[in-house]
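Okay, here's what each chain looks like letter by letter:
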Amino acid sequence: MSKELDRIPVGKVKRASKFVTTGAKVGANYVKAYSKAAINGKLDKDELDSDNARDIYNSLSELKGSALKMAQLLSMDQNVLPKAYSDKFAMAQYSAPPLSYPLVRRTFSSNLGKEPNEVFDTFGKSASNAASMGQVHKAELNGVKLAVKVQYPGVADSIKSDLKLAKPFALKLMNVKGKEVEPYLKEVEGKLLEEADYGLELKQSMEFAEKCKDVEGVFFPSYYPELSAPQILTMSWLEGEPIGAWMKREQTQKDRNRLGQILWNFYMFQMHQLRMMHADPHPGNFIINEDCDLGVIDFGCIKYIPDDFYKAYFELASYDVLDNPRRVDELFKELEIIRPSDPEKDVKIVTDMFTGLIRLLSRPFNEGEFDFSDEAYFTEIYLKGEEISKDPEMNRLQARGSRHFIYFNRTFFGLYNILHSLKAKVDCSTTEFVELSK
């Protein structure tokens with residue numbers, strides 16, 4: 001666990017000052033890099049990326065909240081950022097610096113009118129894990145082990161201003177224009193505001209656990225409304241270990257395949273039958289128990305799926321449809337990939353680019369059983385992302401599509417990456433789930 005923080009900048013001025021300071025550090029890194037290049041005759045881009053990633057991540061870690069959450073979001077798509085950034089930002093998923101205990105006590109006092117030791121029989125003063133929006137402490141009450149999630153101070157109040165401050169960094173890293181990504185930033189802002197609402201998360205968690213209780217191999221915590229508050233969420237402690245730690249140890253292929261299939265079925269059940277999904281699929285949110293079942297936590301980010309988007313999105317996952325240019329054109333317009341104002345030249349570029357990308361990403365759906373350990377497949381995805389990002393014409397036109405793509409794509413990237421790390425072979429046919437959803 002990283003060194004504990006005694007304070008978090010809360011006011012707009014203090015948080016803005018942190019961004020300005022970070023910008024100055026990044027500027028200094030560029031000066032250093034180009035000075036070395038003048039002497040050595042070559043720019044060390046890897047060193048520059050590493051220095052910038054370190055300084056940006058350290059600042060975001062101190063700010064917490066939506067600023068650090070953006071780093072987590074960006075880290076999940078390995079094609080968006082240089083490796084130095086994605087590797088460093090991935091730390092926001094499971095090992096961000098925690099708050100010190102005095103700040104935790106203050107949060108309890110303001111939310112429940114009591115200190116932790118007045119609410120629980122035992123309460124761990126050090127966080128068990130810390131992420132972007134909050135941290136978790138172990139507790140016990142009446143012999144029941146509990147996980148108590150404590151939100152960082154100022155998270156909800158700073159979301160809108162933080163996103164405005166972080167926007168220039170994000171646009172620079174992703175090489176896109178602000179106007180093009182405005183609808184997507186609004187979508188992200190809305191979801192972050194929801195994640196900061198622990199009352200909503202409590203409701204969603206209980207609803208999700210009830211609706212998914214019959215999905216084979218999946219289990220959930222029990223929730224305690226009477227021990228929860230606007231910035232505190234209490235649930236039962238799930239025994240086991242995070243899937244990231246589980247994957248690092250030697251496991252049988254049978255267990256890897258089983259977990260991969262459970263994870264795939266869990267997400268297909270959500271998408272096709274519930275038309276809502278747990279849209280935060282990073283390793284820190286999945287716990288493996290001794291029976292090799294999958295525990296799921298953190299339902300702050302739930303994406304509800306509109307029917308029209310759902311139908312068009314999954315229709316495009318079929319190779320038969322992708323081989324039908326007329327239908328592709330209709331669906332691309334429906335999904336806002338092709339715009340009414342697009343000249344014919346741009347329509348062709350966009351159609352070719354997105355058809356190729358969708359064909360690649362939907363390969364598991366079309367092959368039935370799919371081996372996610374296939375390095376060649378993930379290299380192909382990476383190279384496709386590189387091709388798009390480096391082609392001026394494609395880069396000019398890539399910020400497209402319905403705002404719903406943001407969390408849908410985030411969910412699939414997260415799911416694919418976990419399955420790849422699991423090295424799992426999975427039956428990816430969705431017929432059973434689609435039929436049940438009709």
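What this report covers is the structure whose coordinates are included nearby. (Residues numbered from 1 in each chain as written. Predicted model: local features only at pLDDT ≥ 70, side-chain atom pairs only at ≥ 80, totals over all residues. Heavy atoms only, no water.)

If you check helix α5 (residues 101-112), its first and last C-alpha atoms are 16 Å apart, about what 12 residues at 1.5 Å a residue would give, namely 16 Å. Among all positions in α5, only Tyr-101, Leu-103, Val-104, Thr-107, Phe-108 and Asn-111 are buried. Each buried residue of α5 sits inside an arc of 160 degrees when the element is viewed along its axis, so together they form one side. Among the exposed residues of α5, those oriented more than 90 degrees off its buried face are Arg-106 and Ser-110. Gly-113 occupies a position one or two residues after α5 and carries a positive phi of about 70 degrees. (Helix = DSSP H or I, 4+ residues; strand = E, 2+ residues; numbered from the N terminus. Expected span 1.5 Å × (residues − 1). Buried < 20%, exposed > 50% of the residue type's maximum accessible area, 1.4 Å probe, protein only. Arc of directions from axis to C-beta.)

Before going further, it helps to spend a moment on the pattern of salt bridges. In total, this model carries 21 salt bridges according to the counting rule given. Among the ionic pairs, Arg-275 bridges to Asp-307, the shortest N-O distance being 2.8 Å. With Arg-275 in the loop between α11 (253-274) and β8 (276-278) and Asp-307 in helix α12 (residues 307-315), the pair connects residues that are 32 residues apart, well separated along the chain. The partly exposed category is assigned to Asp-307, whose relative accessible area is 44%. A salt bridge links Glu-380 to Arg-363; the nearest nitrogen and oxygen atoms lie 3.1 Å apart. Of this pair, Glu-380 sits in helix α17 (residues 375-390) while Arg-363 sits in helix α16 (residues 363-367); the two residues are 17 residues apart in sequence, bridging distant segments of the chain. Residues joined by salt bridges that share partners form a network here, namely Lys-149, Glu-201 and Asp-298. (Salt bridge = Lys/Arg side-chain N within 4 Å of Asp/Glu carboxyl O.)

Once that is clear, we can look at the nonpolar core. In this structure, Trp-264 and Phe-412 are the most contacted members of the largest nonpolar core, which totals 75 residues. Counting residues per element, this core draws most heavily on α11, at nine residues. Setting aside anything within four residues of it in sequence, one finds Phe-412 in contact with Met-268, Met-271, Tyr-313, Phe-314 and Phe-365. (Core = buried A, V, L, I, M, F, W, Y, C linked by side-chain atoms within 4.5 Å. Contact = heavy atoms within 4.5 Å.)

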